[in-house]
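Spelled out, the chains give:
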Amino acid sequence: MNLFRKKKISTEKTELERNLRTMDLVLLGLGSMVGTGIFTITGTAAATIAGPALVVSIVIAAIAVGMAALIFAEFASRVPTQGGPYSYLYAVFGEFPAWIAGWLVISEFFSVISLTASGWSSYLKGLFHFELPTLINGPLGSTSGFSIDLLPMLVIAAVTGLVLLNARTVLRFNNILVLLKLLALILFIVVGVFYLNPNHWNDFAPFGMGSLFSGNTGIMAGASLIFLSFLGFETIASSVDEAKNPQRSLPSGIIGALVVTAIFYVLITLVLTGVVSYTQLNVPDAVAYALRSVGAIWAANFVSTIAILTLITVAISMTYALARVLYGISRDGLLPKPLSIVSKKHKVPTNATLITGILSMITAGSVPLEKLSEFLNLCTILYLMMLAVGIIKLRHDFGKPKGREFKAPFIPILPVLFLLIGLSLIIHYPASTWLALAVSLLIAVVIYFAYGARHSKLNNR
């Protein structure tokens, strides 16, 4: 058995329809990246970690994420096949490393979908001030007896039903929600400018610079947190079989989504810490709270309502993306063939979408939020580090990009720098998170040797 057999770089024809433009991909990325982070984390991070200097943290994080995005963009342009990091590493390292990367991506997306649905239900309960019976109001362990969190499970069921529709229809709906979300943020910036008090910026960096490799406060700790809030551009790569010109539109979509997200994070943080003192922002609805504190109640209510309506775009984008990842891996034979069945009517991977929804519902209903958050962050950073090593191997084996293929700058310096950043992030995670990762990877290894290695297309050839 050859664990490192490689798949040739090619653009295989699939049953999915190519009808997505670059703007669709940018909005898909924004749907994943502009979520609870910008509405909530900017406030709590300013209050407890970095103060107004969080804006510097954002710039640092954007540069760090930009490194990963540039690496990702070159892979997306040069290896335009379904599966994202899984397919990229399949071409340079071989099957087993690719399977591990694919498993990490699957774990990340499942966790994000579940987290988003749980966060959305918390926003809803907070806005309307209601509580469900204990039995259906929290994950396992939240009470002395058995309990599940029913509301996020219902949200995921609705999202799954939506994603089963034609991809163009789903993303058109997603685009509307994303534009509404951006409108709410623009309204906050415009209204907030009239209430700015520069005195709030006098104590600009109350927690100092912090340390790159340790510490829970300071500018660097803020950058570590915001780095993880930026992630989500990976969903764009999942649309490779539905993009009209993937070699050009995927890199443009990835970089475009990152730039727009970074600009909004900077502007929101500047206005947020200028409207009220950073010490008051440790609240779950920081953006709306800032507007209420200066008397702009109508704007605060509008922002809160739009946030409730549109935070679900993260779940839509991630469900869409994960179904395509499962579809791509199934087509290669490493997962059961039924997952690559495409519906005749809507041209979407039906079984992969249903499995995504069912497992996400179970996770959202039973696993505590904080455990999910740490686990998905660790999975994400690890496969991005694998890609950083992979881009060096890609250049070594296949040379520099040719023609219109996207070319990441400063190779190999860029990936080496990103590896150092990744290392500085993963050493902070507790032993319990690493144990959860080890168990997850053990399951992945068992699945590979029990099923994937024997059913792989390369093995059959």
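The following paragraphs examine the structure supplied in this document. (Residues numbered from 1 in each chain as written. Predicted model: local features only at pLDDT ≥ 70, side-chain atom pairs only at ≥ 80, totals over all residues. Heavy atoms only, no water.)

Close approach of charged atoms allows side chains of opposite charge to pair. Counted under the stated rule, the structure contains eight salt bridges. Close ionic contact of R395 with E74 constitutes a salt bridge, the shortest N to O distance being 2.9 Å. Separated by 321 residues along the polypeptide, R395 in helix α15 (residues 369-398) and E74 in helix α3 (residues 54-78) bring together distant segments of the chain. With respect to class, R395 is no different from E74; both count as buried. As a salt-bridge pair, R78 and E405 come within 3.6 Å of each other at their nearest N and O atoms. Placement of the pair is R78 in helix α3 and E405 in the loop between α15 and α16 (413-426), with a sequence separation of 327 residues. Assessed through its relative accessible area of 23%, E405 is described here as partly exposed. One salt-bridge network, in which partners are shared between bridges, spans E74, R78, R395 and E405. (Salt bridge = Lys/Arg side-chain N within 4 Å of Asp/Glu carboxyl O. Helix = DSSP H or I, 4+ residues; strand = E, 2+ residues; numbered from the N terminus. Buried < 20%, exposed > 50% of the residue type's maximum accessible area, 1.4 Å probe, protein only.)

Here we take up a nonpolar patch on the surface. On the surface, I186, V190, V193, F194, Y195 and L196 cluster together into a nonpolar patch covering about 570 Å² of accessible area. Tracing the backbone shows I186 in helix α7 (residues 167-193). We classify I186 as partly exposed; its relative accessible area is 42%. (Patch = residues over 30% accessible without salt bridge, like charges linked within 9 Å, V, L, I, M, F, W, Y side chains within 5 Å. Areas by Shrake-Rupley, 256 points an atom, 1.4 Å probe, with all protein chains shown as cover.)

Formed by 149 residues in total, the largest nonpolar core has its most connected members in F75, W99, F188, F227, F230 and F233. Ranked by residues supplied to this core, first place goes to helix α5 (residues 95-128) with 17 residues. Discounting residues that sit within four places of it in the chain, F188 has contacts with I268, V271, L272, V287, A290 and L291. (Core = buried A, V, L, I, M, F, W, Y, C linked by side-chain atoms within 4.5 Å. Contact = heavy atoms within 4.5 Å.)

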